[in-house]
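What follows is each chain in one-letter form.
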Amino acid sequence: MATFPIWSQKKFAMPIRAIEQKRLYQQVADQLTTLIQEGEFEPGKRLPAERELSKMLGVSRPTVREAMIALEIFGLIEVRTGSGIFVVPEKSRKTPLKEKLDSGPGPFEMLTARASIEGEAAAMAARTISDGELEGLRDALRLMEVNDAKNLSMEAGDRLFHQRIAEATHNSVMVSVIDELWNMRELEPMWQKLQEHVDQAAVERPSLGDHRKIIETLAARDPEAARQAMRDHLERVKRDLLRLTTTEETEATPS
């Protein structure tokens with residue numbers, strides 16, 4: 001008969017709670033929320049520049065940007081074009097400060113994961129892709145080109161392109177993982193808020209050239225080149241999103 005140590009049978013006065021694992025941007029957002037709550041950043045006042053916050057908090061600029069997106073989703077800050085990022089007065093806030101600022105995975109965190117996962121998918125596909133599957137990729141690229149010419153979103157063709165590379169791996173798990181990553185991109189509030197501040201064409205149009213390069217490496221059946229081309233593509237998207245959503249210039253203007 002199994003026996004258990006005495007401590008395992010003890011009834012504690014206070015319940016033991018599971019340890020919460022917070023995302024890094026959420027930790028930054030929580031710290032900034034506390035500073036707002038304690039009056040370090042007063043309502044109506046401008047926050048320090050992201051570059052300065054990055055140094056103060058010891059985190060990367062993308063993490064600070066994700067924290068700002070979370071604070072904006074919860075109505076604690078607002079971005080004023082030409083002026084900077086300001087603390088919203090309490091009476092105008094959407095959410096009480098006591099609410100948790102967890103808005104799902106950060107967009108830059110997701111792109112970093114995609115670069116690793118989809119890079120490997122591209123390398124796998126380079127070994128297994130058929131001529132018919134290559135033509136399917138070219139069809140997805142043509143869909144993007146047609147929508148670009150009509151000034152329409154290229155997102156449908158973009159997703160189709162990446163899904164078809166996953167399918168060309170002939171690995172059902174890889175297909176499911178990449179499909180779920182795209183579902184997260186479309187449904188997570190962090191990604192939706194980020195897109196509100198971006199001219200999508202400025203991000204999507206360079207993807208046409210990126211995708212042509214990826215097709216070339218797959219057609220050459222070169223796994224290393226395919227892996228690198230996919231990683232370069234997603235790292236470029238991350239850099240462009242960071243650049244296009246920067247508040248550095250406006251923050252430099254005195255309040």
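The following paragraphs examine the structure supplied in this document.

1. A closer look at the packing of helix α3 (residues 61–73) against helix α8 (residues 189–196)
Point 1. At their nearest, the axes of α3 and α8 sit 10 Å apart, and the two run at 95 degrees to each other. Classed by the angle they form, the pair α3 and α8 counts as roughly perpendicular. Contacts from Glu 66, Ile 69, Ala 70, Glu 72 and Ile 73 of α3 reach α8 at Pro 189, Met 190, Lys 193 and Leu 194.
Point 2. Of the residues that constitute the contact of α3 with α8, the class distribution is six nonpolar, no polar and three charged.

2. A short note on the side chain of Lys 238
Point 1. Inspection of the secondary structure assignment puts Lys 238 in helix α10 (residues 223–244).
Point 2. Among residues more than four places away in sequence, those in contact with Lys 238 are Phe 108, Leu 111 and Thr 112.

3. What about the packing of helix α9 (residues 200–219) against α10?
Two quantities define a packed helix pair, namely the angle between the axes and the distance from one axis to the other.
Point 1. Running from amino to carboxyl end, α9 crosses α10 at an angle of 175 degrees, the nearest separation of the two axes being 9 Å. Overall, the two elements α9 and α10 adopt an arrangement that is roughly antiparallel. Where α9 abuts α10, its residues Ala 202, Val 203, Pro 206, Ser 207, Asp 210, His 211, Lys 213, Ile 214, Thr 217 and Leu 218 lie against Ala 225, Ala 226, Ala 229, Met 230, His 233, Arg 236, Val 237, Asp 240, Leu 241 and Leu 244.
Point 2. Of the residues contributing to the contact of α9 with α10, the split by class is twelve nonpolar, four polar and four charged.

4. Looking at unusual backbone geometry
Point 1. Positioned with a positive phi, Asn 151 is a non-glycine residue whose angle comes to about 60 degrees.
Point 2. Structurally, Asn 151 is set in the loop between α5 (131–149) and α6 (155–168).
Point 3. On the basis of relative accessibility, which here comes to 67%, the residue Asn 151 falls in the exposed class.
Point 4. Residue His 170 is not a glycine yet carries a positive backbone phi of 60 degrees.
Point 5. For His 170, the position within the fold is in the loop between α6 and α7 (172–187).

5. Regarding the side chain of His 211
Point 1. Tracing the sequence through the fold places His 211 in helix α9.
Point 2. Only 3.4 Å separates the side chain of His 211 from the side chain of His 233, close enough to count as a polar contact.
Point 3. Excluding anything up to four places from it in sequence, His 211 contacts Leu 141, Met 144, Asp 158, Phe 161, His 162 and His 233.

6. A few points about the nonpolar core
Point 1. Core analysis: the biggest nonpolar cluster contains 52 residues, and Met 68, Ile 165, Leu 218 and Leu 241 have the highest contact counts within it.
Point 2. Here the element with the most residues in this core is helix α4 (residues 107–128); it accounts for seven residues.
Point 3. Contacts of Leu 241, omitting those with residues within four sequence positions, involve Arg 65, Phe 108, Leu 111, Trp 191, Leu 194, Val 198 and Val 203.

About the cut-offs
- Residues numbered from 1 in each chain as written.
- Predicted model: local features only at pLDDT ≥ 70, side-chain atom pairs only at ≥ 80, totals over all residues.
- Heavy atoms only, no water.
- Axes fitted to C-alpha atoms, helices over the stretch in contact; angles between N-to-C directions.
- Helix = DSSP H or I, 4+ residues; strand = E, 2+ residues; numbered from the N terminus.
- Parallel < 35°, antiparallel > 145°, perpendicular 65-115°, else oblique.
- Contact = heavy atoms within 4.5 Å.
- Nonpolar A, V, L, I, M, F, W, Y, C, P; charged D, E, K, R; others polar.
- Buried < 20%, exposed > 50% of the residue type's maximum accessible area, 1.4 Å probe, protein only.
- Polar contact = N/O pair within 3.5 Å; in protein donor to acceptor, adjacent residues only side chain to side chain.
- Core = buried A, V, L, I, M, F, W, Y, C linked by side-chain atoms within 4.5 Å.

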